[in-house]
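Letter by letter, the chains look like this.
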Amino acid sequence: MNGTSNTLLNITHLFTRTTVVQIESLLYTFAAKKSLTSITKLHANLIVSGLLSPYESRFIPALLASGYALSGHIPYARQLFDELRQRTKRAYNSMIKVYVEKGLPYNALQVFVEMVESGNPKPDRLTYPFVVKACAELEMYRFGLSVHGFVISGGVDSNTFVGNSLLSMYMSFGENDSAKRVFDEMRDKGVVSWNALISGYFKNGYPNESLMVFKKMVDEKAEIDNATIVSVLPACAYLKRLDVGKEVHDLVRNNGLDENLFVRNALVDMYVKCSQMDDARVIFDETSQRDVVTWTSMVNGYIVNNDTKSSISLCPLMLLEGVKPNALTLASFLSACADLKYLREGKTFHGFAMKNNLNSDVNVETGLIDMYAKCASVSYSFRVFNKTSKVKTAPWNAILSGTTENGLGTEAILLFNEMRRKGVLPNQATLKCVLPAYAITTDLKQVTSIHGYLIRSGFLSKGDLATGLIDTYSKCGALEQAYMTFNEVETKERDIILWSVIISGYGKHGDGATALSLFNQMVQTGVQPNEVTFTSALHACSHSGLVDEGLGLFQFMLKEGKVNPRASHYTCIIDLLGRAGRVHEAYELITTMPFAPNHTVWGALLAACVVHENVELGEIAAKWLFELEPENTGNYILMGNIYAAVGRWEEAENVRNMINEIGLRKSPAHSFIGAGHE
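K.L.:
Break down the layout of surface pockets for me, with residues and values.
P.N.:
Roughly 290 Å³ of internal volume is contained in the largest pocket. Together, 14 residues line the largest pocket, and Asn 195, Ala 196, Ser 199, Gly 200 and Lys 203 are the ones closest to its centre. Elements that contribute at least two residues to the lining of the largest pocket include exactly helix H11 (160-172), helix H13 (191-203) and helix H15 (226-239). For the lining of the largest pocket, the leading source of residues is H13, giving six residues.

Here it is in structure tokens:
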């Protein structure tokens, strides 16, 4: 029989000499062990002994109420608390505490109000931390201010625990300045105080301030613990402040904190987000007890840093170590399969998800839909989607994106309409996914309809959606509507992507003059063109026959020096000169390129030679293309056409023989009529 039972067996003999202090000691011993059975037995013996009689029961019932509360049994505690003729401070505090700990903050505040209204006893330093926490959880800002007033009038504002709770409360309200004032007025700033300020600034979107507080903490030689490190490293990661992150890492080593798994996970995450995968891998490999968070951080790190194959390779090692992937890990692996077009591996992960009951998690559902779509297996995407609850936005976004990526514009629009009918609210990502579908169908009536929806829903104020709508109008040939939409965006809100899209739209439709005019307007407003903008403008010149303007723009690009010319820019100029019959100038430009010309450059020259029947330069271009693209049927056919055009039939026949010798065949054309979905 254990010690607790022995105590209870002898309790009757003790009651003849038991004092309130001894009962209190027993109650708190049992409460600390969460032993409800022991407390109820003690309660029964107290009743039998008569110690709960009116004469003896001034303090004992209050102690019992506190004991039940501290053991976590709210019904018994509340019943006794309500029956108390005289409620003690300890009884009030115990009830407030248990309500907060059990996730009932509103009940806790009700008890606090009763305590204040009673006038006696008054709240103290043990009352306020839980009351303040309840205010924070309920987001009751005004009530929290009132409680702060009580704290000051009660003279307990100098207490460190009370101060820490107030600091955390103000941070949860997003009131950074109020939190900082509380912090500055604290006489004894402990490590909890510093940590609350550091993490609060970061959570409220002020990572720089978070790092500044940490620096001050270090300068003042304040105590640093595991929570400090876990609070400051996310700020380093978000700002990509590798220098500060490494300083924090040094502090971890110097303070002997590197054995803590949470600290090591935070270090891995920081190095991953600073694109330092080698450093992240060192910590990962040195960590003896890795959990699912450690593995997931590394998997995500490889994906984000464009080493997707390495992320997949971690899966068997993870399972070998006995760590089972969770929904987030699985979603990351599916993302890797989508990037690599690994359909077989993706199906394996799908099977794992079903076996481990993870297939209904929204992250996994979304990952599966996306993976199948990117692997050109849209029918499987629909199978997964049709098994979802269809009440969350993410799976809808994934299926919309998948259908548009696979050219199923009509299906995407129908799905979008169904989504709204079912009452699922689209977000910004939804509309970014569905807008390309309207460009696929080129149905101007539907485009104007979605335009109206964007205006009514307020989404058109988002710059990237305005850009998407302009691109859609352009691809439908509705340049007037595209320009009107462009004009409605304030000048200061027009970014480089928006300018590039409108310039490209006019260029593709042969209006090079307007495209160039827009390019010049962009430069005058102070927006620096990037390589995409230059490509769009040069392409516009090429398709509109604006040779001198195109060459001038290319010289401007070289002179500015802020964008290094790429193969796409040279291809535009070669095409521009070729269309104008200046094929020799085009070839001379190729010979001056600072890097080796690729197949698109030589292809542009060969196409020009076909038009202008230039055999000599055509042969040079064809020679390079046969090396760079030995299996491209089109290059052989174009060279054969040049020979045939000038009557050199023997050479034309030789080219055709070359095609036959290496087994090339012209790919037959095909048409995609439509597709249904399951």
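K.L.:
How would you explain the packing of helix H27 (residues 428-441) against helix H28 (residues 444-457) if you had to name every residue and give the values?
P.N.:
The description of two packed helices rests on the angle between their axes and on the distance between the axes. Packing of H27 against H28 leaves a shortest axis separation of 9 Å and a crossing angle of 160 degrees. Taken together, H27 and H28 sit at an angle that is classed as roughly antiparallel. At the point where H27 passes H28, the crossing takes the left-handed sense. Between H27, through Leu 431, Leu 435, Tyr 438 and Thr 441, and H28, the contact on the second element is made entirely by Gln 446, Val 447, Ile 450, Tyr 453 and Leu 454.

K.L.:
Quick rundown of the nonpolar core? Include the residues and the values.
P.N.:
A general trend in soluble globular proteins is that nonpolar side chains are found buried together. If you look at the biggest cluster of nonpolar residues, it comprises 197 residues, and the most contacted ones within it are Leu 167, Val 248 and Leu 431. Once you skip the residues sitting within four places of it in the chain, Val 248 turns out to touch Phe 214, Ile 229, Val 232, Leu 233 and Cys 236.

K.L.:
Describe the packing of aromatic side chains, naming the residues involved and giving the relevant values.
P.N.:
Evaluated as defined, the whole model comprises 19 aromatic pairs. Taking 5.5 Å as the distance between ring centres and 85 degrees as the angle between the ring planes, the aromatic pair formed by Tyr 141 and Phe 173 counts as edge-to-face. With Tyr 141 in helix H10 (residues 141-153) and Phe 173 in the loop between H11 and helix H12 (176-185), this pair connects stretches of sequence that are 32 residues apart. Taking the relative accessible area as the measure of exposure, Tyr 141 reaches 31% and is therefore partly exposed. Accessibility expressed as a relative area gives 17% for Phe 173, which makes it buried. Cluster of aromatic residues (ring-pair linked, three or more members): Phe 112, Tyr 128 and Phe 150.

K.L.:
Outline the side chain of Asn 397, listing residues and values.
P.N.:
Relative to the helices and strands, Asn 397 resides in helix H25 (residues 393-405). Residues contacting Asn 397, with those up to four places away along its chain left out, are Met 419, Asn 427, Ala 429, Thr 430 and Cys 433.

K.L.:
Summarise H25; cite the residues concerned and give the values.
P.N.:
Over its 13 residues, H25 extends 18 Å from the first C-alpha to the last, a length consistent with the 18 Å expected when each residue adds 1.5 Å. In terms of residue burial, H25 counts as a mostly covered element, since 11 of its 13 residues are buried. Considered for burial, the residues of H25 that qualify are Thr 393, Pro 395, Trp 396, Asn 397, Ala 398, Ile 399, Leu 400, Ser 401, Gly 402, Thr 403 and Thr 404. Elements that come into contact with the buried residues of H25 comprise helix H23 (362-374), helix H24 (378-386), helix H26 (409-421) and H27. Phi turns positive one or two residues past the end of H25, at Gly 407, with a value near 80 degrees.

K.L.:
Break down the packing of H12 against H13 for me, with residues and values.
P.N.:
At a closest axis distance of 11 Å, the pairing of H12 and H13 adopts a crossing angle of 165 degrees. When the axis of H12 is compared with that of H13, the two are roughly antiparallel. You can see that H12 and H13 cross each other, and the crossing is left-handed. Side by side, H12 and H13 meet where Asn 176, Lys 180 and Phe 183 of the first sit next to Ser 193, Trp 194, Leu 197 and Tyr 201 of the second. Of the residues contributing to the contact of H12 with H13, the split by class is four nonpolar, two polar and one charged.

Thresholds, definitions, all that
- Residues numbered from 1 in each chain as written.
- Predicted model: local features only at pLDDT ≥ 70, side-chain atom pairs only at ≥ 80, totals over all residues.
- Heavy atoms only, no water.
- 1 Å grid on protein atoms, 1.4 Å probe; cavity = no way out; pocket = protein on both sides within 12 Å on 5 of 7 lines; lining within 4 Å.
- Points joined across faces, edges and corners; volume = space filled by probe spheres on them.
- Helix = DSSP H or I, 4+ residues; strand = E, 2+ residues; numbered from the N terminus.
- Axes fitted to C-alpha atoms, helices over the stretch in contact; angles between N-to-C directions.
- Parallel < 35°, antiparallel > 145°, perpendicular 65-115°, else oblique.
- Left-handed = near helix turned anticlockwise from the far one by under 90°.
- Contact = heavy atoms within 4.5 Å.
- Core = buried A, V, L, I, M, F, W, Y, C linked by side-chain atoms within 4.5 Å.
- Buried < 20%, exposed > 50% of the residue type's maximum accessible area, 1.4 Å probe, protein only.
- Phe/Tyr/Trp six-rings, centres within 6.5 Å; stacked < 30°, edge-to-face > 60°.
- Expected span 1.5 Å × (residues − 1).
- Nonpolar A, V, L, I, M, F, W, Y, C, P; charged D, E, K, R; others polar.

It is worth stressing that arrangement in space is one thing and function is another; only the former is reported here.
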